[in-house]
Every structure is written in C-alpha cells, then in structure tokens.
Amino acid sequence: MTSATFRHTVWILRGNPVTAVAAAGAFILCVLAIIGPSIVPYDPIASDVPNALQPPSAKYWAGTDQLGRDVFSRLVVAARLDLAIAASAVTLSFALGAVIGSLCGYIGGRLDRYVGRFVDVLMAFPLFVLAMAMVAALGNRVENIVIATAIINLPFYIRFARAEVNVRRNAGWVEAARACGDSHLSVVLRFLLPNVLPAMAVQVSLNLGWAILNAAGLSFIGLGVSAPTPEWGIMVAEGARFISTGKWWLVAFPGLALMLTVLCFNLLGDGLRDILDPRMRT
Amino acid sequence: MNAFASPGETPLLAIDDLHVTFSTRRGLVEAVCGVSLQVAAGETLGIVGESGSGKSVTAFAVTRLLDASGRIAAGKVRFKGQDITSASSKQLRSLHGAAISMIFQNPRGALNPIRTVALQIADAVGAHERISASEGRARALDLLKAVLIRDPEKRLDAYPHELSGGMCQRIMIAMAIASRPALLIADEPTTGLDVTTQKTVMDLLARITAERGMAMILITHDLGLAARYCDRVAVMQHGKVVEEAEPRSLFRAPRHDYTKRLVAASPTATSKIADLAPSSLREGASDEAIQEGGANPSGLLRSARNDGEVKPAPGTPLLLEVQSLVKRYDGGVVAVNDVSFAIRQGESLGLVGESGSGKSTISRLVCRLIDASEGEILFDGQPIGQQAARDFHKSPLRKDIQIVFQDPTDSLNPRFNAFDCIAHPLRRLLAMKDGAALSERVRECAARAGLPAELLERFPHQLSGGQKARVGIARAIACRPRLLVLDEPTAALDVSVQAVILQLLDSLRREDGMALLFVSHDLNVVRMMCDRTVVLQNGAIVEQGESLALFRAPQAPYTRQLLDAVLHLDGPGQRDAVVAGS
Amino acid sequence: MSSQLATTAKRAGRRFLSSLPALFGVLVFTFLLMRVLPGDPAVFFASGPTAGKEEIELIRKSMGLDKPVPEQLVRYLGDVGTGNLGRSLTTGQPVLSDLRNRLPASLELTFSALLIALFTAIPLGVAAALRQGSAVDHLVRFICALGVCVPTFVSGLLLIYAFYYLLGWAPDPTGRVDIFTSPPPLVTGFLLIDFAVAGDWEGWRAAARQLVLPAFTMALFVVAPLARITRAAMLASLGSDFVRTAKSLGLPRRKIIVTYALRNAILPVLTIAGIVFSTMLGANVLVEKVFSWPGVASYALDALLSSDYAPVQGFVLLMASIFVIVNLTVDVLYGIADPRVSVE
C-alpha cells in the first residue's frame, strides 16, 4: 500500500465513521477466529447437564444450552469455522470468476457463448437449492459446503468481471496500450484486470456476508457441519426446539453473531467502494 | 445598463446581479457572480462562454431548475416584472412551460424513454389547460407539423429511441412551444448533433421564434452559432458577463481581452493556425492554458515564425497507401466501403465526415488496431494489412504508426500516472529500461507536448482536459512515429484549449516531419491543419483533393452541403437573412 | 395496441425458445449431480443403506445403470418427459404426486411473501428517494442495511418467540391450519382461495393466521434488496434529464413522480425480480423447516436427511422449472414496460 493510498484510506475512514467501525469489527472477528478457542471461559463441547438451559447471567453471559454448554464460548469458537468456510468459498469463486470472466469479456466469441451457457444453467437453479443438491450429491461434509458455496457464487463473479472488462474493452486507453505495443494478453493482465479488481474487491466483501449466511443456512437444515461442533447455524437449529418454550437466548445470540458479522462485511464493502475509487481521491 | 432595450419599457426578462452558489465537497463554490442581463420581447440573446463559465447555471437559475446542491444566493430575476427568485412552487409551475420553457443539450436523454411522443407532447399541453386524450393527440399532431417533422402521423406513436437526435430535438421544441411561452431558453441545443442537422434545427428555432414573436436565450460555446442566430450576444467568463454587444461589432472588434482571445481561437473559413492565438495575446493565453502550465511551449513561438506552407514537394515518396479498404461488422453493417487514399511523407491529410461516416473506423484500420475485411494498407511500400491486428504489436513498424484519441479522459489508463502513460510506449516498443535515460526521454516528450514536468506524477483524474490531451500527444510522439493518426483530437476541448493544442500539433509536425492523418468533423480545423482533404459519407469517399481547392470549389453536393452548414463569425445581418429566407 | 400484443407474444415465444437450452442444461446437470457423481446411485434409490445385494442389483437393472452414460441420460430424459420422477421411500408414493400435493402450500407462502415484500419495499424506496437525506431516508437505509443481514431462520424463530410465546397473538407455528379446522374442498390447493370459494370465512381466518408469520419472515429477507434498488432507481430517474424536462414544462408534481420517475424506476426493480425470487425459493427451505410448513421444500429436506434421493431430485427439477418460468414472465413484463427492448 503506497503512502498516498494509506493517507487516502485514513481520510476516507475519518469522513466515514461507519466504515471505520465496520473495519474494526471485521478485524476483531478475524482476531477472534484466530485466538478465540484459547480465550473462552468454558469448554465449548463438554456438557454440564446440571447447568442446562440457564438464561444469560453474569456467570454465563449468553446462557447455556440443553447440555449445559456455555453459549458464549461456543459462539466465539464458532467464528473460526464460519469465517473459514465463507473465506475459502469466496476466494475460490473470486479467483476462478475473475480470470474466466475477464477472458470472456475481452475475447468474446465462442468461449464467451459457452461460458455464458454454463452460467445460464447455474443461474436457472435457485441458488440455495442448488447448493443443497450439491452437498447432497457430493456428500455431507464441510469441504463440500465450501465447494457448493463457491460454485453458486461463481456466476456472479464471471458476469461481473465480464461486464466490467467488456465496457472497458473499447476504451481509448486500451486501444492506446495496443498502439504502444501490448499484446491482447498483456492488455488483459496488465491493464484490464488491475482496473477491474477494485470493483471486484467490493463484491468480495459483500459476498462474504452472503456466503456466511448461506453456509449457516445449510448447516441449519442439517447439511455440512454436524452436531457437537460449534457453528452458528447449528446452534440456531438446536435452539429452535426450545423457542416455543421461551428459551430465546439459544437462537438470539448465534443469530446476533451471524447478523453482526454479515453487517460488518457489508458495510466494509460499501466503504471499500469509496476508498478504491481513484476518482474520489483529492 | 442595457443599451438595446428602449427606455421606460419593462423588459420581458430582467436578471439583476444574480449570484448562484453550489455546495460541493470543497465547500461553497460561486458559479455565477453578479450577472445582470435583460431580454426584450421577441429578441434573441446569445450567452457565449467556455465550460465552467456559468452560462448554463444562469439559465437554470432563471427557471429555478438548479440541482439540489445549487442555490440562488443573491439577486433578482424578473419576468414581466414578477420576481421569479421568490416565486412559490405553485407560481413556478404555472410559469414553467407557459411563460418560460427550455430545451436542452442531449435531446434524446431529455425525453422520457418509455412514453410515446404523442403522450409526452400531450402532457406538455395538458400541464396548463384541461384537454381530453383525443384533443391531446390532435394538438400533438399540430405541433409535430409546426416543427416540420416528416410523416408526423407516423411519429405520434414512436418512442424516443426510434428517432434520430435531430428529430428528438424537434420534438423537444414542440413540447417547449406547446403552451405558447413568451421566452424560450435553449441550452446548447445542437451540441452533439451533426453540422447539417445543427443547421436545420437552428433554422427551425429561428423561424419559430420569429413567427410566434417569442424571445429566446441561446446558450452556446460556439461563437459562430451565436453570430448567426442572435440579435445580441453576452460573453461569460468565470461566472461574470465580460462583454455584451451586437454580434457583428462584438466579433469584428471585441473590446474585452477574453473576448479577443475567444474570437481569435475560433477557427473560421479564413483563419490560419498562427491566427488562433496571435502573438500579441499570447502572453495572456487562455486561462486553462495558464493553469496547465503550458502557456508558452516552445512550439508556439516557432509556429508563429514559420508560417509558410509546409506542403511536401510533389516528388516526395508515399508513406501510406490505402487501397480499396472495406470493413464489415458482424450483422452485415458496412462501416467502410471501398476507400482508397494515400499520404506522402510529412504530408497532412484530413478525413472529414459526420457521425457514421466511418472516419473513426478508418483511423483504427490504418493504425492496425482492427483488421480490414478487404483491401490493402501499404506503409512505406510494405503491405502491413497482411499481419493480423492481433499480432501487429510485434511488428517493427508498430512504433512508426501512433494515434491520439478523441476523448482525452478515456484515452488514459486511470491507474497510470502521466509519467507511466508517456513511458509506456518507450518501455514496450523501444525496450527502454527504467532509469535516467527513460525519465530524460519522458521529460523531453512532455516538454515538447507542453506538459510541465511537475505534472508527471499526477493521475489522469487530477489533470484538466487540456493537460490530459497533452499527455496523450506526448505518449503518441514518444517513439518518434512517422505517421500520427489524430482521431478528433480536440473534439472534447474548449475552443481556447483547442487552439493551443492545434498549434502544438502543427509545430510538432513541422519539427519531426511526421505525416498526419487528421480525422475531424470540423471543416475549418481540417482546412487549417491539412494539405489535402478526404470527404466521407456513409463509409465511402465523396470527394478528395487539395484542401484549399476543395473548400473553395467543392465538387460533390454533399461537400457543398457541409460547407453551407459551417458558421461564420462575420456576416451581415445573418439572423434576419435566416428568418427571411425560411 | 394489437400490434403491441403481437410483438409481446412474439417476444414471449422467442424467450421461451431461448430458455429451452437452459432447461435442457438443468436436466443434464441434475442427471450428472444425482446419478453420476455419488458413489452408487442404485444404493440411493434402493430402500436405504440396509438394502440387500439382490435388491440393489435389481434396481441397477431397472434404472438402466448397467448401460453407458449417454444411454442413461436419454432414458432419464424420457422418464422426466413422461412424469416418472421415481418413488419416495419415506412416503411410498410417486414423487410426482407428492410434489403435486405439496406444491400449492409452498406457492401460497412464496406469493404471499412476495406481495407483502413488494407492497412494503416499493413505497419505502420511493419515500426515501423523494426525501433524500431526511429521517425517512435514513430509516429506510438502516432497515435495508440490517434486513439483508438477518438470516431467515433466525428472524422466523424470533418472530415465533415474540408473537407466539410472549404475546400469544399467533397460533402454534406448525402447519397450514390448526387441527380444529377442517380443510376446505380442494379447488386450487391455495387454502386462502379454497376457503373463500367455499365461503368458509372462519377457516379462511384460521389459514391466514397460520400464514402471516412465515410469510412475513420470508418477506423480511427480500424487502431490503427491493427497497434498496427502488430507492436507487428512483433517485436516478428523479435526477434524470427527462424529469428535468417535465419540470421545465410545468407538469404537475404527481404526474412527474408517478408517470415520469416511478414508471422508469420500476424497470431496474423488475430486472432484479428474478434474483429476488430465486432467493425466496431458497428461503422457502428454511422457512418451511422453521414453521413445519407442509410444502415441497420440507418434503425434500426430510427425504434428503433420510437419504431418500428421488424426492430431492424431483424437488430440484421443480424449483429450476419454476424459476425458469418466473424469469420468462419477468422478461415478458420487462418487454411490456420498456419499449426499447421489444424492438431489438
């Protein structure tokens, strides 16, 4: 990061406190994901049946579940798994989507048509249903949640990169680069991609939130992560049985964790858009 | 203040010490600072100025149609004695359309894209009187006839996207006159239209205002347009009116320095490159030129000294030969149809045509950025059309053919600073490595293009339009090309900036002995810049020949039509002639 | 007018034809996913992990799994074409008839939610755009930012907690009608319509009370994106040149807002309607699970968790076909709303 970009970032964050808070939140989440298991007050897996279903108190900040496990500890420990699933899925689809999309956008022609057809087929499924089906077919494992989430995200990245490259393909500076002796490949890699990546970074941030919701939804319906592992979606699913009897904390706290995480990434994405837009720089 | 309104009579519109401010991220900016103007009934007032002069803001302030960020800070605007600046929204609504109406730049965008022409015109009529749907349609038809649209019945149910830009502007005019306003404000009504369309639209406006006794305020950057169609012209700069006079005296004997520069910078049918910024005025060359620090590039003085013809001798060998070039796009559109021409070494050839004439396609074909469907391109006797455009970057001739693009903003990579933009061809085509030699060469190119060295660190969005154009030129001349293709290099620039850029290009050509392929829609510019001219229409050549001869005695009817549409700054009683002639 | 109808019909036909490849792709994709990828499909389609060797072998034969893959595909396409989606092991019924029985419940829920979402989101977005920067605008933007972050299953459960446990306003969140109400004679399968047809308003109210919470849960999730795009589109069209023209001609404010700004702003809203509907079909799975709603999604989910794959496959195909039809409808609507695309 050059000093100008850094200064600009500081300037933007100062003028946009919401983004600053979101960035701080995302940072804390990442720290929790790394050191979480070593700082929590209780063992997230060991059951303690005499203390089952305690409401939140000074001892158990977020109450205990039906096996007497501390909900707060489980929440903190779950951050790693939830973030890891979302981050790896988004990285996968981003990397593939950016390259495939840019090539389609620049070259066009037959490649573009074939990829377009493939994307059409993927997009013809309701995406959550597609993810469900893929996990069902590939096997009920965490890796497959990542793969399924990556695949349902892929069409967006392909289309996005394709559209962004396509509008710039005939820009004067692209033709100028060719007049200056760049080959088509070099134009795509050295000129178009760097111009498209910032916009895609925004997309990544917004997408992370969506991927987290998606993975949590899959585990809520019983796919992917399985029972004793702390994971926000499963925690909600387990708490759902007790909601009709008023044990709200089992659902509310994992729900809040999901919501705040997604909110952080969404707000960060909106903020990134401003930071990375060179036209906004003074 | 106004010498033209008869004393004692209330003018139709009186603007008195108008101030308009905009709140921006950098605080309040005053866009109009103390403008006073008057318009009498039936009179046509021109407001002329370059971008940022506040001319359009004045118009929008008069009609209270400023953006949310704009505010009338002080001053009065009176229409028939009634103060508009303090009018309620209800009063404004009855004023809009019925008393004052406007037509805008970009007519297609000004019309609702998903509503038929008939309904939109009926809306305009219905805004001020109760009419039934069938009456509305009948009135729409009458108005379409009034603006001389061909097949008016057919156009009633058309949507704006089905009509040409000129037709959309006529429909806009029909809507503007629907409720018989006393004043019509036309904000750059023909910018973006072809010259021949411009003429018909402007003639129509002049005729309609004359027939209906309407006053008009014509806002334009084009002095020729103001000279031809206005009774009186006010020149604006930096939000102030610097001079106001009858067009003939204004353009023949401008008094204010800015007006003098503006008049000089506007190419006319007789002006020479050196006239665009005469030496007496060069000290205070246009403001943007001063801002961009290129006020006195070495080239300017040289071009003034070296004023003679630089036509290459008849025996000079051909540099570029284009033979029966054809370019077809997918879907069978023929953009270029059997075009042949040649350029001698050091010669300058103009390519003239309206939009859709194929001139930009030809410039890209010659530059080997796209492949021709048929035909051959010879450079220095070598057939360069054989090598696919995809692989032409490997050709040793790549550095000999360079191009300057139309839109300076669009032609610079937003993530490269000026230095990297100029260094790019040097690194690529001359394989120069980073170091003292490279930065020396970049600095030299920048200096030759009149770009101060301290701007080299800046990114495109930090540069003005003229500065960006200079970066584009510096990049194109960096490898000392033998042929420079200029694709409307000044179309996006103000006239005063255009003047310095044209002089720069001309002097670079003299110094380096480059050949130029100059693509433009502006006949006056081509006549000044080019030894020979090719006139294009619909992808085919209509006429070609020596520029002077071609413009003096055009053979093809189309060339004559183009020349007729060219505007002149000095003609006797032009507006009356237009009105009487129609 | 009639010519416009003709072009619309032509466009609909052409769009339908051009969506056929995607439908074919959907079939092939489902085929690959359910039959080629997992270890041994015969095991899946057998009675479960406990099935005997002979039974699996028999199924393998009857499914044609001993044939080469392309031939299997043709067979599969033939089966789907004749409506043979296999038999569910959990219910013992053909998958097609199970889906047919349960589809109305899912559609009733989804369409109610869509209506609620549209009637909330569009006025919110318009109000925010008309008073940009005001308290209303900030409130709407806050709702939008928050709305996309709350998972459907969490908001559903919290609504149950608030309205069933705390307030007692909502009935027991299980199923479409409570056990005391007898279902209406079957006409459309949509309970609200069938009760109305039968004139049983008592039953209608009971069904509506069951429907409110799940429908609102699902609507909550899509209100945010709809309101957000409505606001953005409305701001864009309010700032457009043609609205400025309308103002300069003195058109009444109401006409400017409705006929000029809003009608143009609806176009971008329509373009994301497909994506929104896709989200809702996905959210269906979660909402049906939370509210024990007897729709197709909970049917497929139960089957999935007991390794009964024929219903899952049928469900995926059904969802994709519904989605293709929805996209087609949106496309035709767009063609009517925007004359620029119908010419081409």
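Let us look at the structure shown here. Nothing here was measured: the structure is a model prediction, and the numbers come from that model.

Rules of the game
- Residues numbered from 1 in each chain as written.
- Chains lettered and ligands numbered in written order.
- Predicted model: local features only at pLDDT ≥ 70, side-chain atom pairs only at ≥ 80, totals over all residues.
- Heavy atoms only, no water.
- Contact = heavy atoms within 4.5 Å.
- Buried area = accessible area lost by both parts, 1.4 Å probe.
- Helix = DSSP H or I, 4+ residues; strand = E, 2+ residues; numbered from the N terminus.
- Expected span 1.5 Å × (residues − 1).
- Buried < 20%, exposed > 50% of the residue type's maximum accessible area, 1.4 Å probe, protein only.
- Arc of directions from axis to C-beta.
- Salt bridge = Lys/Arg side-chain N within 4 Å of Asp/Glu carboxyl O.
- Polar contact = N/O pair within 3.5 Å; in protein donor to acceptor, adjacent residues only side chain to side chain.
- Nonpolar A, V, L, I, M, F, W, Y, C, P; charged D, E, K, R; others polar.

## Section: the interface of chain A and chain C
Thought 1: Contacts between chain A and chain C engage 42 residues on the former and 43 residues on the latter.
Thought 2: Carbon and sulfur atoms make up 84% of the area that chain A and chain C hide from each other, which totals about 3,700 Å².
Thought 3: Among the elements of the structure, α4 (109-123), α5 (127-138), α8 (184-220), α9 (232-240) and α10 (249-276) of chain A are those that each provide at least two residues to the side of chain A that touches chain C.
Thought 4: Sorting elements by how many residues they give to the side of chain A that touches chain C places α5 of chain A first, with ten residues.

## Re the environment of Ala261 of chain C
All names here are of chain C.
Thought 1: Considering the arrangement of structural elements, one finds Ala261 in helix α11 (residues 253-290).
Thought 2: Between the C-alpha atoms of Ala261 and Phe29, which are 232 residues apart in sequence, the distance is 42 Å.
Thought 3: Ignoring any residue separated from it by four or fewer positions in sequence, one finds Ala261 in contact with Met234, Ser237, Leu238, Val243 and Ile256.

## Topic: helix α17 (residues 436-448) of chain B
For an α-helix, the turn length of 3.6 residues means that residues three or four places apart are oriented alike.
Residues and elements named next belong to chain B.
Thought 1: Its 13 residues place the ends of α17 18 Å apart at the C-alpha level, agreeing with the 18 Å of an ideal helix rising 1.5 Å per residue.
Thought 2: When α17 is considered as a whole, its buried residues turn out to be Leu438, Arg441, Val442, Cys445, Ala446 and Arg448. Across the axial projection of α17, the buried residues extend over an arc of 165°, all falling on one side. Exposed residues lying more than 90 degrees from the buried face of α17 are Ala436 and Glu440.
Thought 3: Structurally, α17 contributes buried residues whose contacts are with α16 (418-429), α18 (465-477) and α19 (495-512).
Thought 4: Backbone geometry just downstream of α17 places Gly450 in the positive-phi region, at approximately 75°.

## Observations regarding the interface of chain B and chain C
Thought 1: Taken together, the contacts link 28 residues of chain B with 21 residues of chain C.
Thought 2: Contact between chain B and chain C buries roughly 2,000 Å² in total, counting both sides, with carbon and sulfur atoms accounting for 63%.
Thought 3: Where chain B meets chain C, there are one salt bridge.
Thought 4: Among the salt bridges present, the one from Asp123 of chain B reaches Lys255 of chain C, with a minimum N-O distance of 3.0 Å.
Thought 5: Our count for the chain B to chain C interface comes out at nine residue pairs in polar contact (both at pLDDT 80 or more).
Thought 6: Taken together, the elements giving at least two residues each to the side of chain B that touches chain C come down to β6 (100-103), α3 (107-110), α4 (117-126) and α7 (165-176) of chain B.
Thought 7: In terms of residue class, the side of chain B that touches chain C is made up of 15 nonpolar, nine polar and four charged.

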